[in-house]
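# Working through the structure, step by step
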Amino acid sequence: MAAGTRAQKPPLLPEKDVAALVKELSGETAKRNLEGIARFHRQRGSQGFHAAAELVAERLRAYGLSDVAILQFPADGKIFYGTQRSRPAWDAEVGELDIMEVRRTIRCGPTAENPNVIADCLDGPIILHENYEAEPVVLAEDSETRRDAVGLLVDIGEGTKESDYTGKDVKDNIVLASAQPGAVQDLAVGKFGAVGIVSYAQNQRTAWWGEDENQIRWEHLDTFSPNKTWAFMVSFKTGRDLRERLVKGQSLFMHAEVKAGQHPGNYEVVTATIPGADAKLKDEEIAFSCHLDHQRPGANDNASGCVTILEVARTLQKLINDGKLARLARTVRFIFPPEIEGTMALLNAKPEFAKRIKAVVHMDMVGGGPETKAVFHVTRGPMSLPSFVHDVAWAFAEWVNEESYQFAATGKADYPMIAPEGGKEPLRAEYSAYTMGSDHDVYQDSSFGIPAIYLNDWPDRYIHTNFDTAANIDPTKLKRAAFIGAASGYFLATLATSGGVDLSLAVIQGRSERVMAMERRVRQLPTSETEALRRVLAQYDGKVSWSLNQFRPRPNSSLQVPGEVQPSVSGQSKTGGDGLLIFSRKVEPRGPLTVFGYDYFAEHAKAAGVATPKLLSYEGLWGSGEEYAYEVLNFADGKRNTQEIRDAASAEYGPVPLELVMEYLTALEKIGAVEQVK
Ligand SMILES: [Zn+2]
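Residues numbered from 1 in each chain as written. Predicted model: local features only at pLDDT ≥ 70, side-chain atom pairs only at ≥ 80, totals over all residues. Heavy atoms only, no water.

### Observations regarding the sheet that holds strand S16 (residues 357–364)
We apply this condition: Note on pairing: two strands pair once DSSP finds at least 2 bridges between them. Numbering of helices and strands runs from the N terminus; a helix is a DSSP stretch of H or I covering at least four residues, while a strand is a stretch of E covering at least two. In this analysis, axes come from line fits to C-alpha atoms, helices being fitted only over the stretch in contact, and the angle between any two N-to-C directions falls in the range 0 to 180 degrees. Note on contacts: a residue pair qualifies if any of its non-hydrogen atoms lie within 4.5 Å across the two residues.
Strands sit in the order S1-S13-S15-S14-S16-S19-S17-S18 across an open sheet of eight strands; the sheet is mixed. On the outer flanks of this sheet lie strand S1 (66–75) and strand S18 (430–432), each paired with one strand and no other. For this sheet the average axis-to-axis angle between neighbouring strands, irrespective of direction, equals 20°. The sheet contact formed by strand S14 (residues 285–289) and S16 spans five bridges and is parallel. Within S16, the residue paired with Glu285 across the bridge is Ile357. Along the sheet, helix H7 (residues 341–349) contacts S1, strand S13 (265–274) and strand S15 (331–336); its crossing angle with S1, the most-contacted strand, is approximately 100°.

Here's what the structure looks like:
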């Protein structure tokens with residue numbers, strides 16, 4: 001497809017609709033809302049999350065949306081939402097840490113409180129003071145109250161294996177660890193009797209990992225660990241300074257005051273709609289989603305996604321009110337949950353949502369400016385859920401790529417989509433294979449089967465640190481992400497037929513991207529694997545085209561398409577023995593088996609005495625353990641045999657031995673997640 005042939009004309013929608021969206025969508029409005037949300041420390045179920053939810057609900061009402069509500073789902077550590085064990089709410093009031101370099105011991109007292117006591121007191125300069133009130137990221141989530149904790153600081157290196165503690169005086173002292181606090185608490189506190197944890201764990205690995213020594217990472221303890229404790233996070237620079245002092249033989253005395261803890265609370269999910277106007281289609285919904293939780297400021301992750309769908313809400317509602325856009329056929333819904341667990345609560349506790357929603361536009365990190373080093377992705381769904389909706393989003397993104405590049409290169413374009421306070425860089429979005437890690441995993445899990453367009457930045461060198469600030473957010477980027485989402489959602493909400501020539505063209509263009517990506521993969525494979533890969537791909541591609549049928553108007557809104565026959569592709573995998581076995585996923589429990597802060601598979605496998613399957617630590621060419629596991633379960637549809645599941649997972653993440661797939665499916669059968677079809 002020559003770039004010049006359609007560079008000026010937008011795809012899929014009439015140009016007047018596109019022009020109206022481009023004109024109305026405001027990167028500045030989105031960024032002002034972002035600055036509001038980024039003030040709050042938004043932990044699941046906390047007061048900060050509630051404040052952010054109220055802000056979003058207030059905006060939605062002001063913008064004139066319908067059905068604005070903050071839904072509440074009890075979270076007490078016991079209730080399950082599908083595979084998600086609810087995590088109790090967590091709040092903190094006080095979190096103060098002082099570290100003193102002990103220079104001498106002096107006689108002190110008496111004091112007002114202890115008029116008769118003269119004691120030995122430590123004396124020396126305070127070298128570090130941290131305060132949750134001023135900078136909430138310093139106190140790890142799930143820390144528990146501890147009044148007046150005191151002890152000496154002991155360096156335990158990483159702190160994740162017993163040998164890290166050999167010869168260390170950990171009992172009744174405080175450990176300094178390079179690993180994340182949740183990974184050391186059971187050893188440091190549970191086994192060796194430490195009072196608390198100071199950690200200088202670094203954020204996710206990217207090329208820029210460790211370069212900025214002042215970053216403080218947002219962390220949490222293990223929600224369900226019996227070894228309750230508290231943990232403070234310090235920067236790498238502070239951690240190194242503390243280590244060097246200990247090596248020099250300095251005695252570091254710590255005092256911590258923590259008033260915080262888990263308590264029964266609620267997952268809160270803000271939602272609102274723009275009702276559809278078509279008598280038959282208005283019960284179907286196109287949902288816009290984000291996740292509203294995370295540390296303060298959490299600007300790109302993920303105030304950005306939430307304010308961008310908020311801006312889509314404002315814009316669609318206004319343009320429809322003003323008669324500049326036709327009314328929607330389907331209802332459009334906006335959803336602002338805490339990540340994964342809120343979506344799990346919503347779809348499990350209110351199954352009518354899962355039934356009505358036909359497609360999702362999910363945004364998680366969509367505002368990263370050049371400082372963050374972000375690349376913007378339009379991410380396809382998993383291969384277990386073929387859908388054309390990703391091709392729709394890519395058609396719009398590719399057009400923004402062309403227009404924004406033309407503007408950057410020449411200073412002229414019909415639709416540069418520049419925010420007045422934003423950058424002028426070209427968007428350069430990529431159409432990417434499925435990656436996991438946000439709420440789109442839940443929607444696209446086979447128990448829900450809802451295709452989700454996933455718009456996301458990666459890498460981001462500031463993710464999950466105190467430096468993920470509003471200053472790095474580019475209003476131009478917000479505007480463009482809003483446009484791609486709004487145009488895709490509006491198109492899907494008004495799509496009432498198979499979509500005609502333009503949609504076919506978009507799907508063909510999407511296919512060419514997918515085929516090119518696959519050809520690059522084929523070159524990495526031994527010839528014994530290429531036939532299966534091509535066969536799986538052809539099946540996948542056929543089903544992408546077939547997925548258009550789900551948007552044909554029908555007398556009822558059941559997700560089944562009666563009488564439709566899925567495309568058959570010639571050729572079969574050669575197999576025998578175990579490869580012929582067929583497994584089918586059970587209806588309950590719904591959701592991925594590893595969710596947020598809770599691993600359904602691990603807990604149930606342990607209870608059933610099932611050894612950890614080797615698939616979970618398998619490293620493939622393009623994916624690894626958790627990804628294979630997610631898809632193997634999704635592929636277990638009662639039709640594919642184990643060999644076909646193995647071939648499909650191999651096409652997606654790289655060749656994997658049949659035995660590993662078989663072992664995992666057998667483990668799933670033992671924990672009751674799948675059953676064998678005779
Ligand atoms: Zn996120």
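### What about the coordination of the zinc ion?
Using the following cut-off: Keep in mind that water is not among the atoms, so a site may look incomplete; donors are the N, O and S atoms within 2.8 Å of the metal, or 3.2 Å for Na, K and Ca. Irregular is the label for any site that misses the other tests, which are tetrahedral for four donors with all angles between 85 and 135 degrees, and square planar for four donors or octahedral for six when opposite donors exceed 155 degrees and the remaining angles lie between 65 and 115. Burial classes: relative accessible area under 20% of the type maximum marks a residue as buried, over 50% as exposed, and values in between as partly exposed (1.4 Å probe, protein chains only).
Bound to the zinc ion are the protein donor atoms His291 (NE2), Asp301 (OD), Asp364 (OD) and Asp364 (OD), situated 2.1 to 2.5 Å from the metal. Relative to the metal, the four donor atoms surrounding the zinc ion lie at angles of 54 to 146°, and the coordination shape comes out irregular. Spacing between the donor residues of the zinc ion along the chain follows H-x9-D-x62-D. Placement of His291 in the loop between S14 and helix H6 (299–321) and of Asp301 in helix H6 is noted, with a sequence separation of ten residues between them. In this pair, the class of His291 matches that of Asp301, namely buried.

### Here's the deal with the domain arrangement of the chain
We apply this condition: An automatic or database domain assignment provides the domain bounds reported here. Buried area is a sum: the accessible area each of two parts loses on coming together, probed at 1.4 Å, counted once for each and added. Any carboxyl oxygen of Asp or Glu that lies within 4 Å of a side-chain nitrogen of Lys or Arg is treated as forming a salt bridge with it. Definition of a polar contact: a pair of N or O atoms within 3.5 Å, with one able to donate and the other able to accept a hydrogen when the atoms are protein atoms, and with sequence-neighbouring residues admitted only if both atoms are side-chain atoms. Only Asp, Glu, Lys and Arg are considered charged, only Ala, Val, Leu, Ile, Met, Phe, Trp, Tyr, Cys and Pro nonpolar, and every remaining residue, Gly among them, polar.
Assigned domains of the chain: these are domain 1 (2–87 + 265–501), domain 2 (89–263) and domain 3 (575–678). Look at where the C-alpha atoms of domain 1 and domain 2 centre, and you get two points 38 Å apart. If you look at the interface, domain 1 gives 25 residues, while domain 2 gives 25 residues. When domain 1 packs against domain 2, close to 2,300 Å² is buried across both sides, 55% of that on carbon and sulfur atoms. Inspection of the region where domain 1 meets domain 2 yields two salt bridges. The salt bridge partner of Arg44 is Glu141, with a shortest N-O separation of 2.7 Å. Where domain 1 meets domain 2, there are 14 residue pairs in polar contact (both at pLDDT 80 or more). For the side of domain 1 that touches domain 2, a count of residues per class yields six nonpolar, 13 polar and six charged.

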